[in-house]
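Reading the structure
Take a look at the letters that make up each chain.
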Amino acid sequence: MGKEDKKDKQNLFEAILSLQTAKECEAFFDDLLTIAELQAAVQRYKVAGLLDEGNTCNGVAKMTGASTATVSRVNKCLNYGAGYRLVLDRKKQNK
């Protein structure tokens, strides 16, 4: 990723951080993403939550309709990445 691309990526993240409510987030992401892209993002987040609850990859694929490749990728990110874990842990803390 080039220097300009990184700056553009940072600008997007700062725009997201400026949103103050779930309704604002919904409006922004409805404009930013296609319906299919938004559905895919929602599905991946749901997959992450179900995996975090201890469900098997095959079980999650059946429950969500996600491909096993998608479930596997989300599982890898959940175990070795930082983003899903951060958000899911914060969600648990706020309950």
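Preceding block: the structure.
Below is a short write-up of the structure. Each chain has its residues counted from 1, running along the sequence as written. Where local features are concerned, this predicted model is filtered to residues with pLDDT of at least 70; where side-chain atom pairs are given and counted, the filter is 80 or more; whole-chain, interface and lining totals use all residues. Think of the side-chain values as coming from all heavy atoms in the structure, minus any hydrogens and water.

**Re the packing of helix H5 (residues 68–80) against helix H6 (residues 83–93)**
Here is the rule: Orientation is described by axes fitted as lines to C-alpha atoms, over the contacting stretch for helices, and by angles from 0 to 180 degrees between their N-to-C directions. Secondary structure counts use DSSP, requiring at least four H or I residues in a row for a helix and at least two E residues in a row for a strand, with both numbered from the N terminus. Each angle is binned into one of four classes, with values under 35 degrees roughly parallel, values over 145 roughly antiparallel, values of 65 to 115 roughly perpendicular, and all other values oblique. Throughout, a residue-residue contact means that at least one pair of heavy atoms, one from each residue, lies within 4.5 Å.
Relative to each other, H5 and H6 sit at 75°, their axes nearing to 6 Å. The orientation of H5 relative to H6 falls into the category roughly perpendicular. Residues Val74, Cys77 and Leu78 of H5 form the contact with H6, whose own contacting residues are Tyr84, Arg85 and Leu88.

**Focus: the side chain of threonine 64**
The following threshold applies: Residue burial is assigned from relative accessible area. The probe radius is 1.4 Å, only protein chains are included, and a residue is buried under 20% of its type maximum, exposed over 50%, and partly exposed in between. Polar contact is the term for a pair of N or O atoms within 3.5 Å; when the atoms are in protein, one must be able to donate a hydrogen and the other to accept it, and sequence-neighboring residues count only if both atoms are side-chain atoms.
For threonine 64, the location among the structural elements is in helix H4 (residues 57–64). Overall, threonine 64 belongs to the buried group, its relative accessible area being 18%. From its side chain, threonine 64 meets the backbone oxygen of valine 60 in a polar contact 2.8 Å long.

**Quick notes on the packing of aromatic side chains**
Our working rule: Pairing of aromatic side chains here covers Phe, Tyr and the six-membered ring of Trp, requires ring centres within 6.5 Å, and sorts the geometry by plane angle: under 30 degrees stacked, over 60 edge-to-face, intermediate tilted.
Tallied over the entire structure, the rule returns one aromatic pair. Relative to phenylalanine 29, the ring of phenylalanine 28 lies with its centre 5.6 Å away and its plane at 80°, an arrangement referred to as edge-to-face.

**Concerning the pattern of salt bridges**
Just so we agree on the cut-off: Note on definitions: salt bridges are taken to be side-chain nitrogens of Lys or Arg within 4 Å of carboxyl oxygens of Asp or Glu.
Evaluated as defined, the whole model comprises three salt bridges. With a shortest N-O distance of 2.9 Å, arginine 85 and aspartate 52 are connected by a salt bridge. One end of the pair, arginine 85, is in helix H6; the other, aspartate 52, is in helix H3 (residues 35–52), with 33 residues separating them in the sequence. Take arginine 85: its relative accessible area is 25%, and that puts it in the partly exposed class. When the shortest N-O distance is used, the salt bridge between arginine 85 and aspartate 89 registers 3.1 Å. Here arginine 85 pairs with aspartate 89, and both are found in helix H6, just four residues apart, close to one helical turn. Residues participating in the shared-partner salt-bridge network are Asp52, Arg85, Asp89 and Lys92.

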